Amino acid sequence: MAATHTKCRGKYPGDVDRFAVPDDKVSWSVEWPEYKPVDYTAPVVEKGPVWADVDFRKVKPDVPPKYNEVDGKVNRKSFTGNYSIDETGVPRNPIGRTGMVGRGLLGRWGPNHAADPIVTRWKRDSSGAIVTKNDKPILEFVAIKRKDCGEWAIPGGMVDPGDTVSATLKKEFGEEAMNSLEASPEEKKKIEEQVHQLFSHGKEVYAGYVDDPRNTDNAWMETVAVNFHDETGEAFGKVKLCAGDDAGAVAWKELTSSLALYASHTTFTGKVVELRNATF
Ligand code: RP5
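Residues numbered from 1 in each chain as written. Predicted model: local features only at pLDDT ≥ 70, side-chain atom pairs only at ≥ 80, totals over all residues. Heavy atoms only, no water.

> Mind showing me how you'd approach the overall build of the protein here?
Across its full length, the protein carries four helices and 13 strands. Over its C-alpha atoms the protein spans a radius of gyration of 20 Å, differing by no more than 12% from the 19 Å that the globule rule assigns to 280 residues. In terms of its C-alpha atoms, the protein occupies a principal-axis envelope of roughly 65 × 40 × 35 Å. Within the protein, the proportion of its 280 residues that are buried is 47%. Relative to all contacts within the protein whose residues are 6 or more apart in sequence, the contacts with residues 24 or more apart total 71%. Put simply, the protein shows about 13800 Å² of open surface, and 51% of that area lies on carbon and sulfur atoms. Of the side-chain charges in the protein, 38 are positive and 43 negative, and the distance between the mean point of each set is 1 Å. (Helix = DSSP H or I, 4+ residues; strand = E, 2+ residues; numbered from the N terminus. Rg over C-alpha atoms; globule rule 2.2 N^0.38 Å. Buried < 20%, exposed > 50% of the residue type's maximum accessible area, 1.4 Å probe, protein only. Contact = heavy atoms within 4.5 Å. Areas by Shrake-Rupley, 256 points an atom, 1.4 Å probe, with all protein chains shown as cover. Lys, Arg positive; Asp, Glu negative; His and termini not counted. Charge placed at Lys NZ, Arg CZ, Asp CG, Glu CD.)

This is how it looks when you write it as structure tokens:
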């Protein structure tokens with residue numbers, strides 16, 4: 001368990017410290033009376049934006065939240081199974097302790113659902129031949145540099161209430177990586193069709209908990225990661241990648257195990273490498 005629960009015990013984004021949780025104290029089944037997690041909910045969340053719940057520990061709405069269910073338009077179900085509710089009445093992180101209670105920077109109590117589009121193509125040389133290493137082809141994927149922490153990441157985003165994962169995958173990719181198309185109107189139409197085709201043939205590689213640095217004992221990230229592979233390199237050949245929204249930069253990056261990525265994104269890219277039988 002501890003291996004999947006590392007970044008969410010590390011430094012919290014911003015100027016807040018977590019209570020330090022050693023590997024052997026992650027599991028809730030280990031008694032730890034000395035555990036004094038920091039209670040933190042970021043001011044931006046406390047202000048009550050549309051994407052956030054109220055503080056259910058202090059405010060008891062007439063209609064209480066339906067944990068472990070699809071609650072109106074908000075999906076409060078977890079890929080990890082049914083989570084429990086702690087002694088303060090809010091969801092308890094199914095993987096273990098993080099050193100922080102409250103929601104930190106996350107809006108929802110319990111799971112906060114995201115979607116991660118992993119757009120890949122084969123690395124090619126100037127003649128167009130696929131480049132190999134250790135007798136296996138090399139994959140490249142579209143990565144963004146997150147503005148909040150400067151780390152490279154998959155251009156994922158939150159699933160808005162009522163939205164589907166597939167709509168979110170396409171929307172987030174469009175917003176964060178493909179801000180403009182440099183092509184003639186005819187070419188543009190063709191590219192848009194190819195991209196549309198590509199996005200209708202994704203392969204899901206992961207659905208579950210994310211080891212995200214924003215997680216707390218009561219709020220955590222979950223995602224569905226889907227691979228969209230451009231076998232010929234034509235669909236994205238003329239697409240000009242252009243960073244937008246919360247991306248500071250966007251680029252085709254070689255998919256190697258040595259490329260450090262945000263949260264547990266390397267786990268998802270590793271699954272794509274297995275699926276496509278590429279080198280890592
Ligand atoms: C990660 O946070 C997910 O895997 C996804 O990439 C991302 C979504 O959060 P925002 O980019 O919207 O902040 O846990």
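> Is there a simple way to think about the site of the ligand in this case?
Around the ligand sit Ala114, Asp116, Arg146, Gly156, Gly157, Met158, Val210, Asp212, Arg214, Met221, Tyr262 and His265, and that is every residue in its neighbourhood. Within the contact set of the ligand, an oxygen atom lies 2.8 Å away from a side-chain nitrogen or oxygen of Arg146. In the model, an oxygen atom of the ligand is placed 2.6 Å from a nitrogen or oxygen of the Asp212 side chain. Taken by itself the ligand offers 360 Å² of open surface, and the protein chains cover 93% of this. Of all the secondary structure elements, the ones that give two or more residues to the shell around the ligand are β5 (110-122) and β10 (157-158). Considered class by class, the residues forming the shell around the ligand number five nonpolar, three polar and four charged. (Near = heavy atom within 4 Å. Polar contact = N/O pair within 3.5 Å; in protein donor to acceptor, adjacent residues only side chain to side chain. Nonpolar A, V, L, I, M, F, W, Y, C, P; charged D, E, K, R; others polar.)

> How should the packing of aromatic side chains be read in this particular structure?
Two numbers describe a pair of aromatic rings. These are the distance of the centres and the angle of the planes. Throughout the structure, instances matching the rule amount to 10 aromatic pairs. Measuring from ring centre to ring centre gives 6.4 Å for Trp28 and Tyr35, while their planes differ by 70°; the resulting arrangement is edge-to-face. In this structure Trp28 comes out as partly exposed when scored by relative accessible area, which is 22%. Residue Tyr35 is classed as buried on the basis of its relative accessible area, which comes to 13%. Consider the rings of Tyr83 and Trp220, whose centres lie 5.4 Å apart with planes at 85°: the pair is edge-to-face. (Phe/Tyr/Trp six-rings, centres within 6.5 Å; stacked < 30°, edge-to-face > 60°.)

> What is the right way to look at the state of the cysteines in this model?
The bond known as a disulfide is covalent and runs between the sulfur atoms of two cysteines. The full count for this structure, using the stated rule, is zero disulfides. Cys8 forms no disulfide, and the closest cysteine sulfur to it belongs to Cys149, at a distance of 15 Å. (Disulfide = S-S within 2.5 Å.)

> Is there a simple way to explain the environment of Phe268 in this structure?
Relative to the assigned elements, Phe268 resides in helix α4 (residues 265-276). Residue classification places Phe268 among the buried positions, given a relative accessible area of 1%. Along the chain, Phe268 and Arg57 lie 211 residues apart, while their C-alpha atoms are 34 Å from each other. Among all residues touching Phe268, those that are not within four sequence positions of it are Asp116, Ile118, Ile154, Val205, Tyr206, Val210, Thr223 and Ala225.

> Any chance you could explain unusual backbone geometry here in plain terms?
Leaving glycine out, the prevailing phi sign among residues is negative, and the prevailing peptide bond configuration is trans. In this structure, Asn68 takes a positive phi of about 65° despite not being glycine. Checked against the element boundaries, Asn68 lands in the loop between α1 (43-46) and β2 (70-71). Given a relative accessible area of 17%, Asn68 falls into the buried group. In this structure, Asp135 is a non-glycine residue whose phi angle is positive, near 65°. Mapped onto the secondary structure, Asp135 falls in the loop between β6 (132-133) and β7 (136-137). Take Asp135: its relative accessible area is 76%, and that puts it in the exposed class.

> Any chance you could explain the nonpolar core here in plain terms?
The nonpolar side chains of soluble globular proteins are, as a tendency, buried together. Counting residues in each nonpolar core, the largest one holds 53 residues, and the members touching the most others are Ile118, Val119, Phe141 and Phe236. When residues in this core are grouped by element, the largest group, seven residues, is from strand β12 (residues 219-230). Membership of the second largest hydrophobic core comes to seven residues, among which are Val16, Val45, Ala52 and Met100. (Core = buried A, V, L, I, M, F, W, Y, C linked by side-chain atoms within 4.5 Å.)

> I keep staring at a nonpolar patch on the surface and nothing clicks. Help me out?
Residues Val44, Val50 and Trp51 make up a contiguous nonpolar surface patch of about 330 Å² in total accessible area. The topology assignment puts Val50 in the loop between α1 and β2. Taking the relative accessible area as the measure of exposure, Val50 reaches 80% and is therefore exposed. (Patch = residues over 30% accessible without salt bridge, like charges linked within 9 Å, V, L, I, M, F, W, Y side chains within 5 Å. Salt bridge = Lys/Arg side-chain N within 4 Å of Asp/Glu carboxyl O.)

> Sorry, what's going on with the pattern of salt bridges here?
As enumerated under the stated definition, the model contains 14 salt bridges in all. Between Arg9 and Asp23 there is a salt bridge, and its shortest N-O distance comes to 3.0 Å. In this pair, Arg9 sits in the segment before β1 (38-41) while Asp23 sits in the segment before β1, placing the two residues 14 residues apart along the sequence. For Arg9, a relative accessible area of 14% corresponds to the buried category. Residue Arg146 pairs with Asp148 through a salt bridge whose shortest N-O separation is 2.9 Å. The exposed category is assigned to Asp148, whose relative accessible area is 51%. Via salt bridges that share partners, Asp39, Asp55, Arg57 and Lys58 belong to a single interconnected network.

Purely spatial values, then, with no claim about function.
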